[in-house]
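Summary of structural features
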Amino acid sequence: MRVLNFSVNGIPRTVHLEEGRVMLSSVLRDYLGLKGTKVGCGTGQCGACTVVMDGKAVASCVIPAEKAEGKSVLTIEGLTEGGELHPVQQAFIEAGAIQCGFCTPGFVMRVYALLSENPEADDAAIEAALNKHLCRCTGYETIFEAALLARAKMVGQN
Ligand code: FES
Ligand code: FES
């Protein structure tokens, strides 16, 4: 049996992986019960499964579990601190950027990763980041507005 040691939302975790191909999305959802990370396409195309690994947004459905060894992974469950929503989460709510919500954790983690790396990311950089994701419901405009609002909130924090 393979053993994976990594950190999830700041907590060291040890996972005993079954034989065969196991993806990071499955480790998070099926082994650790963190169902906030969604799986849509399963092929790296839709962005629903996006988490942040060592500061970078990644599609967890195409990351073999072994690649997370020793890494630090942040999921949507880890964004909330002391019961307070993260400003990016708050921005999505305030901008009305959520309908069915299936795509939302992925978008939120993408925007979080971008603005954590560069809190003053310009509109084009935000658009390019959002273009890595699909949403069937919102028409994207409110998601873009949410990202702009998140940027304003995060700049305001610094
Ligand atoms: S579920 Fe991973 S990119 Fe679509
Ligand atoms: S809100 Fe439904 S897929 Fe985006």
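Quick caveat: nothing in here was measured; it's all calculated off a predicted structure.

**Concerning the nonpolar core**
- The biggest cluster of nonpolar side chains holds 28 residues, and the ones touching the most others in it are Leu79, Val88, Phe92, Phe107, Val111, Leu130 and Ile143.
- Among the secondary structure elements, those contributing two or more residues to this core are helix H2 (87-94), helix H3 (104-117), helix H4 (123-130) and helix H5 (141-157).
- Residue contributions to this core peak at eight residues, all from H3.
- In this structure, valine 88 is in contact with Val108, Val111, Tyr112, Ala150 and Met154, ignoring residues within four places of it in sequence.
- Formed by 18 residues, the second largest nonpolar core is a distinct cluster that contains Val8, Leu17, Leu32 and Ala65.

**What about the pairing of strand E1 (residues 2-8)?**
- Pairing analysis gives seven bridges linking E1 to strand E2 (residues 11-17), with the strands arranged antiparallel. Counterpart to valine 8 in the pairing with E2 is isoleucine 11.
- The turn linking E1 back onto E2 is made up of two residues, and asparagine 9 within it adopts a positive phi angle of 50 degrees.
- Examined bridge by bridge, E1 and strand E5 (residues 72-74) share two bridges and lie parallel to one another. Following the sheet pairing, serine 7 is matched in E5 by serine 72.

**Things to note about the domain arrangement of the protein chain**
- Structurally, the protein chain comprises domain 1 (2-75) and domain 2 (87-157).
- The distance between the C-alpha centroids of domain 1 and domain 2 comes to 21 Å.
- Between domain 1 and domain 2, the contact holds 16 residues from the first and 11 residues from the second.
- The contact between domain 1 and domain 2 buries some 1100 Å² in all, and 64% of this surface belongs to carbon and sulfur atoms.
- Our count for the contact surface shared by domain 1 and domain 2 stands at one salt bridge.

**Describing the side chain of threonine 75**
- If you trace the backbone, threonine 75 turns up in the loop between E5 and H2.
- Of the residues examined, threonine 75 reaches a relative accessible area of 0% and is grouped as buried.
- Among the polar contacts listed, one links the side chain of threonine 75 to the side chain of glutamate 77, at a separation of 2.6 Å.

About the thresholds
Numbering of residues begins from 1 in every chain and follows the order in which that chain's sequence is written. Note on labels: chains are lettered from A, ligands numbered from 1, in written order. The predicted nature of this model means local features are confined to residues of pLDDT at least 70 and side-chain atom pairs, given and counted, to a pLDDT of 80 or more, with totals for whole chains, interfaces and linings taken over all residues. Here the side-chain values reflect all heavy atoms present in the structure, with hydrogen atoms and water set aside. Remark: nonpolar core denotes a set of buried residues (Ala, Val, Leu, Ile, Met, Phe, Trp, Tyr, Cys) joined through side-chain atoms within 4.5 Å. Relative accessible area decides the class of each residue, using a 1.4 Å probe on protein chains only: under 20% of the type maximum gives buried, over 50% gives exposed, and in between gives partly exposed. Each helix is a run of DSSP H or I of at least 4 residues and each strand a run of E of at least 2, with the numbering of both proceeding from the N terminus. In this analysis, two residues are considered to be in contact whenever any of their non-hydrogen atoms come within 4.5 Å of each other. DSSP-based pairing: two strands are paired if at least 2 bridges between them are found. Domain segmentation is taken from an automatic or database assignment of domains. Summed over both partners, the accessible area lost on bringing two parts together, with a 1.4 Å probe, is the buried area. The term salt bridge refers to a side-chain nitrogen of Lys or Arg lying within 4 Å of a carboxyl oxygen of Asp or Glu. Polar contacts, as used here, are pairs of N or O atoms within 3.5 Å; protein pairs need one atom able to donate a hydrogen and one able to accept it. Residues neighboring in sequence count only if both atoms are side-chain atoms.

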